[in-house]
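Breakdown of the fold
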Amino acid sequence: MTTHSNKSVLKPADADQALEAVRWAISEETPLELVGKGSKRKLGRPFQATHTLDLSDLTGVTLYEPEELVLSARAGTPLAELEALLAENRQQFAFEPTDFGPLLGGEAGKQTIGGVVSCNLAGPRRVKAGAARDHFLGFQAISGRGEAFKAGGRVVKNVTGYDLSKLIAGSYGTLTVLTEVTLKVLPAPEDTRTVLIRALDDATAIRVMALALQSPYEVAGAAHVPASLAGALGVEEVAGGAATAIRLEGFGPSIEYRAGKLRDLLGGFGTVEFLDRQPSLVFWAALRDVKPFVSTPERLVWRLSVPPADGARVVADIKGRLPGAEAYFDWGGGLVWLAIEPGADGAGQAAIRGAIGLSGGHATLVRAPDTIRASADVFQPQQAPLAALSARVKETLDPKRIFNPGRMYAGV
Amino acid sequence: MRMPTPDASVLARRAEIVNALRAIVPGEGVIAERDEMRVYETDALTAYRQLPMVVVLPNTTEQVSQVLKYCNEVGIKVVPRGAGTSLSGGALPLADGIILGLGKFNKIVDIDYANRTVTAQPGVTNLGITNAVAHEGFYYAPDPSSQIACTIGGNIAENSGGVHCLKYGLTTNNVLGIEMVLMNGDIIRLGGKHLDSDGYDLLGVMTGSEGLLGVVTEVTVRILRKPETLRALLIGFPSSESGGDCVAAIIAAGIIPGGMEMMDKPAIHAAEEFVHAGYPMDVEALLIVELDGPEAEVHHLIGEVEKIALTCGAVSIRISESEDERMVFWAGRKAAFPAVGRISPDYLCMDGTIPRKQLPLVLTRMAEMSVKHGLRVANVFHAGDGNLHPLILYDANKPGELQAAEDFGADILKLCVEVGGVLTGEHGVGVEKRDLMNHQFTEVDLNQQQRVKCAFDPEALLNPGKVFPQLHRCAELGRMHIHRGQLPFPDLPRF
Ligand SMILES: Cc1cc2nc3c(=O)[nH]c(=O)nc-3n(C[C@H](O)[C@H](O)[C@H](O)COP(=O)(O)OP(=O)(O)OC[C@H]3O[C@@H](n4cnc5c(N)ncnc54)[C@H](O)[C@@H]3O)c2cc1C
C-alpha cells in the first residue's frame, strides 16, 4: 500500500456503481485496493494501487431467517451490526472471527462481513465449528472481467457447480469484489465455562489438549498460554501462571457434567480451576484477537498453522533459533501466535519456516512494518506446480490484475 | 442423453493407445476386452450405459501422473471412477475416453490419533475409514447411505453428505488435505494435518468438483470421538406441515440434533412393509430425531424435543430406550431406497434442497405433479437441512415411463430452484442435472465456473460432458470485451 494520502478513493453506493468502477478500472488497467473499513489493510504484502475501492457503503441485511439458520448481507455491512442482530435472536457466527484491528494498530470492532469472509477468519472455536469458509454459503460478486456473477446459494446442502465460495474465502480480495454474502448462522450456546489446568510446560499442554479433544466432551476451544503471556490477557483469574484452557459450551446440565469429566480426565497433570461465563468470554476473546501481542507493537507477529501435535516442537525449535521469541497456542496446538524481535534476520522467515519444515503447515507474517512485508514472503511460498495453478486461477477471475495485485504473492 | 461426440481419430488409434497405457500400467492394470469392461459401463444412475474405450487401473500416484500426462498430450478424455455409486452419472464412461479406476488405491496410509486424522488412498471406502479407527472409539462423521461401497475419493469429488451432516458437516468440512494429479501430470498437495490451507483454498474447490478438475490420489480427513450416548425419537405427525413446524421449532430452541430425518406416508408404508420397524401407519409424516453427545446433554434434550413435538401436534412419540431400539428406528429410514425398490420395478432418486419452510408448498406441488405425470412418488428428507430425496417410481419396460419419470424429476428440481433452493444437495450434477443448470445459473455464472476448470484442465479432457450444459473452449472463455475510456459513474464520491 503506497502512501494512502495520494490515493483517490472510489466509494460506490451500491453494487451497480461498484460494477461501473471495476469496469472503468479494467479499461484503464489501473489496480484497485479493495477495502471495507480497513481493519486488515496492513495484512498481506504491500502493493501498488492508484485507487482505493471503498466498499463500506454497501451495507444492510438482505435476508435473515433465524429458523432457517441463514443470513445474507451486503459485503460492507459491519460485523458488529450483524453480531448484534444475531445476538437478539440468540444466534451467532459460529466461526468466531478474529478482530485484527488492535493488533494492527487500529480500533477494535471495525471490520465488515466482506472482509471477514475474504480473509477466511476463524477464532478458537475452529476446532469444533470450522472457519468462515465452512459457513460461507454463497455470494454475489464482480469479477475482474467486469461481470457481476453469483455462486453457491442460501442452503447448506448444495453441490450444484463448483464451490466457488471456498475459493473466495481466504483470497484476500485478490479475485473478486464481493457485493453480497450469504452465511450459515447457528444457535448461540446457552452457557459457557472454561476448565483451566495450571502450570504446564508447552509440550505437556499439547498432550493435555489432545486428550481433551480426543474425548467425547465436545470441546469448543483448546488453548495454552505460557506464564509470561498469561497476564496480558486481561483476566485476573488467569494471570498467575501458565494456563491450559479447555472451553465448554452448551446447555447448563451438559456443561456441568462435562466439566466434571474433564477434571477427572486431566486432573493428574496439574491443578484444575474453572472460569465462569464472564471471565471465560473475556479470556477467549482476548486470545482470539491476539491481545498478548497488542501492547508490544514493535515486535513482528507471525501466525503458524501446523499439525496440532507438533505445536510445541515447532515453537521450541524456533525459540532455539530466534532468542526472545514468545508464543501461545490455540486450536489444540494447531495455531501458534508467535512474536519475535523486530531485528530478526529476514523477519525470521527462514527460522520459522525451517522449523515447520516437514511437519507440513504454513506461516504468515501478520504484523510487520510495510518495508519488511515488502521484502519478506508474507504468505508461505508454494511449490512451483501449486504456485502456477494459483496464478492460473487468478487469471480466470482477474486477468488484468486489477484487484489487490500482489497482496498474497507477487504476480497474483 | 447428449454426450460429446466421440473423436473418430482417437477411436482409430485405440490399439496404439492401449499399448501406450500398458507401458505405463503393466499387467492386469489395463482392461481392453469388451466383456471385462462391462462392469464399468454405468454407475448407480443405471438408466445410462456406455462402454469406455479402455479401462486403466493404476496403483501408484506416479502411474496416475503418467497416464494423465499421456492422455493430455495426445488428446484423450479421462473419466475418473471410484466405486461407481454416483447417482448422477458422474462416472458414466465416454466411448472415446478411458475410465481411470482408483480401486487399487485401497490402503489406509496413516492413522494419527494425536492429530485426530486418518490418511487414506482414495479407493478406501467411506466405512473403511471408520472401521480403521472404531476400536479406539473414533469415527469419520460424513456417512452417506452408500458408505459400505462408496470411496473416500468419490466422496471428495461429490462432497457427499449423510444423516449426520446437520451437526458435523459435509465432506468439505471434514477433509484436511489431499494429493491430486492434474491432467498435465502435475502432482499437487493441498492442506495436510493442519487445519487451514495456505494460499487459495483449492482443496475447497476440488471438493464437489465431480472429477472435472483433478484426480485425487490421497486424502487426509479429520476423525471424531464417538459420542458417549445416542438416542432417537420417532415422532408421528398428522400432516407434513406439523412435521415441518416441529423441525423449525427444534432449531429455534437452539438444538442441532445429530440427525433429523423425515419420511412421507408412501415412504413410511414402503419401509414398514419391508423391515417391520414398528412405524405408525396412520400418520402423514414421520420424523426421526437423533440426539448425540454426553449423557447428561442427551437426557436433557430428549425431554426438550419431546415437549416441542407435543406442542407441534405430534400424534405418536417413541423414545429409544436401548441401542437396539434406536437401530430399529433407523432401520426403516436406512432401507427406504431398497424398500421403494420392492414396490416398483425402477425408481429415480432426486436430490434437491429447499429452504425448509417451503416444505409444505413443495410437497403439495409434488402431489399435483404426480397426478400430472401419472407416476407415484415417495419422499425421504434430510429434514434438518432441507435436502429432499423424492423417489419417483416407474417401470423402464413400459414405453415412455423413463421419459415421464425424468420430466417429473426435472419439474421437481425446477420447483426447488424456484422456491430459493438448488438442483442438488449431495448427489452432484453429473449428466443427470446438467441440462437444468441454466435454471439455477446465468450464462455469466456458468462461464465463470468453466473458466476455473480451464485453470485446472485447459484442454477440457477430464470428465467432459458432465456438469456443464455447454462446453466452451478455454480460449473463447478467456476473451474479454473491454469498453475503453468509460468514466466511472459521475456522481461517485471521490476524495
Ligand atoms: C444406495 C445409494 C445411497 C446413496 N446415499 C448417499 C447419501 O446418503 N449421501 C450422498 O451424498 N450420496 C449418496 N449416494 C451417492 C454416492 O454414493 C456418492 O456420490 C459417492 O460419494 C460416490 O462415490 P464413488 O466412490 O462411488 O464414486 P463414483 O460413483 O465412482 O464417482 C463419482 C464421481 O466422482 C469422480 N471420482 C471418483 N473418484 C475420484 C477420484 N479419486 N478423483 C477424482 N474424481 C473422482 C467420478 O469421476 C465421478 O464424477 C448414494 C448412492 C447409492 C447408490
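Cut-offs applied
Residues numbered from 1 in each chain as written. Chains lettered and ligands numbered in written order. Predicted model: local features only at pLDDT ≥ 70, side-chain atom pairs only at ≥ 80, totals over all residues. Helix = DSSP H or I, 4+ residues; strand = E, 2+ residues; numbered from the N terminus. Rg over C-alpha atoms; globule rule 2.2 N^0.38 Å. Buried ≥ 20, exposed ≤ 12 C-beta atoms within 10 Å, placed from the backbone. Contact = placed C-beta atoms within 7 Å. Nonpolar A, V, L, I, M, F, W, Y, C, P; charged D, E, K, R; others polar. Core = buried A, V, L, I, M, F, W, Y, C linked by C-beta atoms within 7 Å. Axes fitted to C-alpha atoms, helices over the stretch in contact; angles between N-to-C directions. Parallel < 35°, antiparallel > 145°, perpendicular 65-115°, else oblique. Left-handed = near helix turned anticlockwise from the far one by under 90°. UniProt positions renumbered as here; feature names shortened; annotations may be inferred. Domains from an automatic or database assignment. Near = placed C-beta within 6 Å. Pairing = 2+ DSSP bridges.

For chain B, the helix and strand inventory stands at 18 helices and 18 strands. Relative to its length of 495 residues, chain B is compact, with a C-alpha radius of gyration of 24 Å against a globular reference of 23 Å. Each principal axis of the C-alpha distribution contributes one length, and for chain B these read about 70 × 65 × 60 Å. Counting all 495 residues of chain B, 55% fall into the buried class. Within chain B, contacts between residues at least 6 apart in sequence are counted, and of these 72% link residues at least 24 apart.

Let us now look at the overall build of chain A. Of regular secondary structure, chain A possesses 13 helices and 18 strands. Compactness check: chain A gives a C-alpha radius of gyration of 21 Å against a globular reference of 22 Å for 412 residues, within 12% of the reference. Over its C-alpha atoms, taken along the principal directions, chain A stretches across nearly 65 × 55 × 40 Å. The proportion of buried residues among the 412 residues of chain A is 61%.

Okay, the interface of chain B and chain A next. With 82 residues of chain B in contact, the opposing surface of chain A contributes 84 residues. If you list the elements that add at least two residues to the side of chain B that touches chain A, you get helix H8 (202-206), helix H9 (240-252), helix H11 (295-311) and helix H17 (443-456) of chain B. For the side of chain B that touches chain A, the element with the most residues is H17 of chain B, which contributes 8 residues. Here the residues of the side of chain B that touches chain A are counted per class, giving 32 nonpolar, 31 polar and 19 charged.

This part covers the nonpolar core. By size, the foremost hydrophobic cluster in this structure holds 272 residues, and its most contacted members are Leu338 of chain A together with Leu287 and Ile392 of chain B. Of the residues forming this core, the biggest block, 8 residues, is contributed by helix H1 (residues 15-28) of chain A. In contact with Leu287 of chain B, other than residues within four places in its own chain, are Ile235, Phe237, Gly243, Cys246, Val247, Met260, Met262 and Ala383 of chain B.

Let us now look at the packing of helix H13 (residues 384-397) of chain A against H17 of chain B. Running from N to C, H13 of chain A and H17 of chain B cross one another at 155°; their axes reach a closest spacing of 8 Å. In terms of orientation, H13 of chain A lies roughly antiparallel with respect to H17 of chain B. Here H13 of chain A runs over H17 of chain B; the crossing is right-handed. Residues Leu389, Arg392, Val393, Glu395 and Thr396 of chain A of H13 of chain A form the contact with H17 of chain B, whose own contacting residues are Arg451, Val452, Cys454 and Ala455 of chain B. Of the residues contributing to the contact of H13 of chain A with H17 of chain B, the split by class is 5 nonpolar, 1 polar and 3 charged.

Under the UniProt annotation, "domain: FAD-binding PCMH-type" (unreviewed entry) lies at residues 48-226 of chain B. Overall, residues 48-226 of chain B shows 21% helix and 26% strand. The separation of its end C-alpha atoms is 39 Å.

Residues and elements named next belong to chain B. Taken domain by domain, chain B comprises domain 1 (8-101), domain 2 (108-225), domain 3 (229-337), domain 4 (344-429) and domain 5 (437-472). A C-alpha centroid distance of 22 Å is found between domain 3 and domain 4. Each partner contributes residues to the interface: domain 3 has 18 residues there, and domain 4 has 14 residues. Elements supplying a minimum of two residues to the side of domain 3 that touches domain 4: H9, strand E13 (259-264), helix H10 (265-275) and helix H13 (336-343). The residue inventory of the side of domain 3 that touches domain 4, partitioned by class, reads 12 nonpolar, 2 polar and 4 charged.

Moving on to the site of the ligand. All names here are of chain B. Close contacts around the ligand come from 36 residues, with Gly82, Gly90, Gly153, Gly154 and Gly211 the closest. Elements with a minimum of two residues in the shell around the ligand: strand E3 (77-81), helix H6 (152-158) and strand E10 (215-222). No other element matches the 5 residues that H6 contributes to the shell around the ligand. Of the residues belonging to the shell around the ligand, the class tally is 14 nonpolar, 17 polar and 5 charged.

With respect to the secondary-structure elements, Pro66 of chain A resides in the loop between strand E4 (61-65) and strand E5 (70-74). As for Pro66 of chain A and Arg145 of chain A, which are separated by 79 residues in sequence, their C-alpha atoms are 35 Å apart. Once you skip the residues sitting within four places of it in the chain, Pro66 of chain A turns out to touch Asn89 and Gln91 of chain A together with Ala252 of chain B.

We now examine the pairing of strand E9 (residues 176-184) of chain A. Residues and elements named next belong to chain A. Taking burial as the measure, the 9 residues of E9 include 9 buried ones, the bulk of the element. Where E5 meets E9, 5 bridges bridge the pair, whose relative direction is antiparallel. Bridged to Leu71 within E9 is Leu183. Where strand E7 (residues 136-143) lies against E9, 7 bridges are found, and the strand directions are antiparallel. By the bridge assignment, Ile142 is partnered in E9 with Val177.

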